[in-house]
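Chains, contacts and geometry: an overview
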Amino acid sequence: MSGGGERRPATVVAQAGRRPEWTHGVVNPPVYRASTCLFDTLAELDSACADPDAGLYYGRRGTPTTWALETALTELEPGAAGTKLYPSGVAAISAALLAVLKAGDHLLMVDSVYEPTRLFCNRTLRDLGIETSYYDPLAGAGVAELIKPNTRAIFMESPGSLTFEVQDVPAIVAVAKERGLLTLIDNTWATPLLFAAIGHGVDLSIQSLTKFVVGHSDVLMGSVTAAPGVWERLRTASFRLGQTVSPDDAYLTLRGLRTLHARMERHGRSALEVARWLEAQPSVERVLHPGLNTHPGHAIWQRDFTGSSSLFAIALREGGRADTAPLVDGLAHFGMGFSFGGYESLVLPVEPHRIRTATRWEAPGPLLRLHIGLEDPGDLIADLEAGLVRYEAALG
Ligand SMILES: *Cc1c(COP(=O)(O)O)cnc(C)c1O
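Residues numbered from 1 in each chain as written. Predicted model: local features only at pLDDT ≥ 70, side-chain atom pairs only at ≥ 80, totals over all residues. Heavy atoms only, no water.

It is worth spelling out the overall build of the protein at this point. In terms of regular secondary structure, the protein is built from 14 helices and twelve strands. In summary, the protein has a C-alpha radius of gyration of 22 Å against a globular reference of 21 Å for 396 residues, a match within 12%. With the C-alpha coordinates aligned to their principal axes, the bounding extent of the protein is approximately 80 × 50 × 40 Å. A separation of at least 24 residues holds for 74% of the contacts in the protein among residues at least 6 apart in sequence. Surface summary for the protein: the accessible area is close to 16,900 Å², and the carbon and sulfur share equals 53%. Across the protein, the mean location of the 35 positive side-chain charges is 4 Å away from that of the 44 negative side-chain charges. (Helix = DSSP H or I, 4+ residues; strand = E, 2+ residues; numbered from the N terminus. Rg over C-alpha atoms; globule rule 2.2 N^0.38 Å. Contact = heavy atoms within 4.5 Å. Areas by Shrake-Rupley, 256 points an atom, 1.4 Å probe, with all protein chains shown as cover. Lys, Arg positive; Asp, Glu negative; His and termini not counted. Charge placed at Lys NZ, Arg CZ, Asp CG, Glu CD.)

Right under this line is the structure:
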């Protein structure tokens, strides 16, 4: 897709990665099922060997199906040099960390990080001789005090998983650049549409595509998009790890991407409507959504993000996890389960206080995480209203 004129994000989402040599006259790239690629002559084989990433070489190196998705994701991150795909978000996180760390290194990891990331650091990286220490998500430039002589990288996730603290990414990036450290971010909550991670100076921007990009709760996939300075390192490290994605999954993920802009707008608008209603309910002690002006991270969110996502949490006024059963069991429009980003709304009781080590999480009552899907927000509010009545009745 060539031609002049400025391309705003919705246009980029519709056009990114569409190259005629990959699509051959149809709108979407075909599903290439390939291990072996064939060469007609020795000369063609030798020319492919000279630059195996220039075109079809061997299935693990990619096909037009995966190149279209990778290129589209790169185009969504202004300033990025390239993207690699992985079979899940967790695989993307582990591959990104393994690409930049080696034995003897130290990693600074945000305390509000997604729990499986913590598990990878505390077990796998530890066994490889890589040390992780956790920092307060609100530390900002204060991370400088935690840097050791062997610190190599700072990992961020903003807003934080389960508790939605907003990190001061530009302040942390400034510290990292001054001290020669690399920065990584898990950008799953925002997607590149709501937070331009590479544009904010982050070196590696990670997504669980499983969530918003896939958008239909039927594919697991992850991606890492790299700034120019680390792209070659990510590319070669990923090739050595041998992770690939199936062509059918890549096709579905790219199909999901085409509606991402419209879905994120709707998710964001509905989530704010539901969040504002919940904030006014006496059963709700706190609504943890950075798009609300009562949220402690609202000013930074407003400065750095271009919109609101679907995922937030509510802290109930009193009781424990078991007291949420009458509320969640009886919901008609919210499924209970992990993940988010699909068209359907979800609810999940979560317990961040069990996970933290550098900071304490405190609330008087249990925490429920909500993903606001594409249903009518009025129906969702009515469902939650009845749920809160059941919660109050059960507390007595
Ligand atoms: C779900 C999630 C992941 C992991 O993604 P999978 O595709 O399920 O492996 C990573 N980070 C965040 C913030 C997530 O929500």
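One recurring pattern in soluble globular proteins: nonpolar side chains tend to sit buried together. Counting 92 residues, the largest nonpolar core has Leu97, Leu107, Phe155, Leu184 and Leu204 as the members making the most contacts within it. When residues in this core are grouped by element, the largest group, eight residues, is from helix α5 (residues 89–100). Built from parts of two domains, this core gets at least three residues from each of domain 1 (9–257) and domain 2 (260–395). When residues no more than four places from it in sequence are discounted, the contact partners of Leu204 are Ala96, Val100, Thr183, Leu184, Ile185, Val224, Thr225, Ala226, Val230 and Leu234. If you look at the next biggest cluster of nonpolar residues, it comprises 25 residues, including Leu272, Phe312, Val328 and Leu384. (Core = buried A, V, L, I, M, F, W, Y, C linked by side-chain atoms within 4.5 Å. Buried < 20%, exposed > 50% of the residue type's maximum accessible area, 1.4 Å probe, protein only. Domains from an automatic or database assignment.)

Parsing the protein into structural domains produces domain 1 (9–257) and domain 2 (260–395). Here the C-alpha centroids of domain 1 and domain 2 sit 28 Å apart. The partner domain 2 presents 40 residues to the 40 residues of domain 1 that form the contact. Both faces combined, the contact of domain 1 with domain 2 buries some 3,300 Å², and carbon together with sulfur accounts for 66% of it. For the pair domain 1 and domain 2, the interface holds two salt bridges. Across the pair Glu165 and Arg356 runs a salt bridge whose closest N-O atoms are separated by 3.4 Å. Our count for the domain 1 to domain 2 interface comes out at 20 residue pairs in polar contact (both at pLDDT 80 or more). A class-by-class count of the residues in the side of domain 1 that touches domain 2 yields 20 nonpolar, 13 polar and seven charged. (Buried area = accessible area lost by both parts, 1.4 Å probe. Salt bridge = Lys/Arg side-chain N within 4 Å of Asp/Glu carboxyl O. Polar contact = N/O pair within 3.5 Å; in protein donor to acceptor, adjacent residues only side chain to side chain. Nonpolar A, V, L, I, M, F, W, Y, C, P; charged D, E, K, R; others polar.)

For the ligand, the set of nearby residues contains 14 residues, the closest of which are Gly89, Asp186, Ser208, Thr210 and Lys211. Val90 places a polar main-chain atom, nitrogen or oxygen, 2.9 Å from an oxygen atom of the ligand. Within the complex, 90% of the 380 Å² of free accessible area of the ligand lies under protein. At three residues, α5 tops the list of elements feeding residues into the shell around the ligand. (Near = heavy atom within 4 Å.)

Along the chain, the position of Ala322 falls in the loop between β9 (311–316) and α13 (325–329). Of the residues examined, Ala322 reaches a relative accessible area of 66% and is grouped as exposed. Taking the C-alpha atoms as reference points, Ala322 and Pro349, separated by 27 residues in sequence, lie 9.6 Å from one another.

Within the open sheet, the seven strands sit side by side as β1-β7-β6-β5-β4-β2-β3. Their pairing is mixed. Both edges of this open sheet fall to β1 (82–86) and β3 (131–135), since each of them pairs with a single strand only. Strand-to-strand twist of the sheet, defined as the mean angle between neighbouring strand axes without regard to direction, takes the value 20 degrees. Summarising the sheet, strand β2 (residues 106–110) and β3 pair through five bridges and their orientation is parallel. Among the inter-strand pairings, Met109 is bridged to a residue of β3, identified as Tyr134. Along the sheet, helix α4 (residues 64–76) contacts β1, β6 (204–208) and β7 (222–226); its crossing angle with β1, the most-contacted strand, is approximately 125 degrees. Against the sheet, helix α6 (residues 115–127) engages β2, β3 and β4 (151–157), with an angle of about 150 degrees to β3. (Pairing = 2+ DSSP bridges. Axes fitted to C-alpha atoms, helices over the stretch in contact; angles between N-to-C directions.)

This part covers the packing of α5 against helix α9 (residues 228–241). Following both chains from N to C, one finds α5 and α9 inclined at 115 degrees, their axes separated by 9 Å at the closest point. With respect to the hand of their crossing, α5 and α9 are arranged in right-handed fashion. Facing α5, whose interface residues are Ala95, Ala96, Leu98, Ala99 and Val100, α9 presents Arg233, Leu234, Ala237 and Leu241. The residue makeup of the contact of α5 with α9, split by class, is eight nonpolar, no polar and one charged. (Left-handed = near helix turned anticlockwise from the far one by under 90°.)

Inspection of the entire model under this criterion finds zero disulfides. For Cys37, which is in no disulfide, the shortest distance to another cysteine sulfur is to Cys49 and amounts to 12 Å. Residue Cys49 is classed as partly exposed on the basis of its relative accessible area, which comes to 38%. (Disulfide = S-S within 2.5 Å.)

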